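A look at the structure
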Amino acid sequence: MAQDRVEAVERALTVLDVFDSPQESFSLAELAEATGYYKSTLLRLMASLERYDYTQRGEDGRWRLGTSPVRLARRHLPSQRLTARIQPVLDALARECGETAALIEVAGETAHCRLVALPDASLRHDMPPGSHWSLGPCADPAASINGGKMICRSLTLAESHGLWLSLSGPAGRLDQATAVRCLDDAIRGLEGRDTPSPEDD
């Protein structure tokens, strides 16, 4: 099958594999070290990937994943079913609590934002789908937010695992008890449970 290979495509896919990492962004030098490609080759590859929004280059000159990988992932049938089931719940949470609601997936030592609903507020935590961060020492996947906080509650669904619902926003506005109550109510609805969960200490 060697004759069916397209080297430029394989190189581009190799570059995209580098972004499967807790590290949020990469310099050209870091990409060159990770792939073994010359910087001149990488510049051409990154220009094409950026054109189709598989990668994005920030003002700091560092490269990040674009929105296309997330868009394609949503076309996967289990992801479509999960989106149809959970996105309305996130939308309702964002409206009710006035904070950012998200579905977080934990894989290994990394947390990924799968779905998100943003509140209608000028001051909010903007967290696009596809965002990812390294897990901290705590049991939950809450991200460290400068000036804000994230509250997470574990979600157990038959079709998936390692899922959490979260609310995040400014630290002075996001009330812990209210957020936990709203998240637990949403989880009971998703899991089909009518009885209240035990209250936290």
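Here the structure is shown first, and the text comes after it.
Read on for a plain summary of the structure. (Residues numbered from 1 in each chain as written. Predicted model: local features only at pLDDT ≥ 70, side-chain atom pairs only at ≥ 80, totals over all residues. Heavy atoms only, no water.)

1. Focus on the packing of helix H1 (residues 7-18) against helix H2 (residues 28-35)
Relative orientation of the contacting elements H1 and H2 amounts to 110°, with a least axis distance of 10 Å. If you check the angle between H1 and H2, you find them roughly perpendicular. For the crossing formed where H1 meets H2, the hand is right-handed. For the pair H1 and H2, the contacting residues are Thr 14, Val 15 and Val 18 in the first and Leu 31, Ala 34 and Thr 35 in the second. Tallied by class, the residues present in the contact of H1 with H2 amount to four nonpolar, two polar and no charged. (Axes fitted to C-alpha atoms, helices over the stretch in contact; angles between N-to-C directions. Helix = DSSP H or I, 4+ residues; strand = E, 2+ residues; numbered from the N terminus. Parallel < 35°, antiparallel > 145°, perpendicular 65-115°, else oblique. Left-handed = near helix turned anticlockwise from the far one by under 90°. Contact = heavy atoms within 4.5 Å. Nonpolar A, V, L, I, M, F, W, Y, C, P; charged D, E, K, R; others polar.)

2. Describing the nonpolar core
Residues Ile 86, Leu 90, Leu 93, Leu 103, Leu 155, Leu 165 and Leu 167 are the most contacted members of the largest nonpolar core, which totals 23 residues. For this core, the secondary-structure elements that each account for two or more residues are helix H5 (77-97), strand E3 (100-107), strand E4 (110-117), strand E6 (148-157), strand E7 (160-170) and helix H6 (176-191). Examining the composition of this core, we find that seven residues originate from one element, H6, more than from any other. Leu 16, Phe 19, Leu 42 and Leu 45 belong to the second-largest nonpolar core, a separate cluster that totals 15 residues. (Core = buried A, V, L, I, M, F, W, Y, C linked by side-chain atoms within 4.5 Å. Buried < 20%, exposed > 50% of the residue type's maximum accessible area, 1.4 Å probe, protein only.)

3. A look at the packing of aromatic side chains
A complete count under the given rule lists one aromatic pair for this structure. When the ring of Phe 19 is compared with that of Phe 26, the centres are 5.3 Å apart and the planes differ by 80°; the resulting orientation is edge-to-face. Assigned by exposure class, Phe 19 and Phe 26 land together as buried. The ring of Tyr 37 carries Arg 11 above its face, with NZ or CZ at 5.8 Å from the centroid. (Phe/Tyr/Trp six-rings, centres within 6.5 Å; stacked < 30°, edge-to-face > 60°. Lys NZ or Arg CZ within 6 Å of the ring centre and 35° of its normal.)

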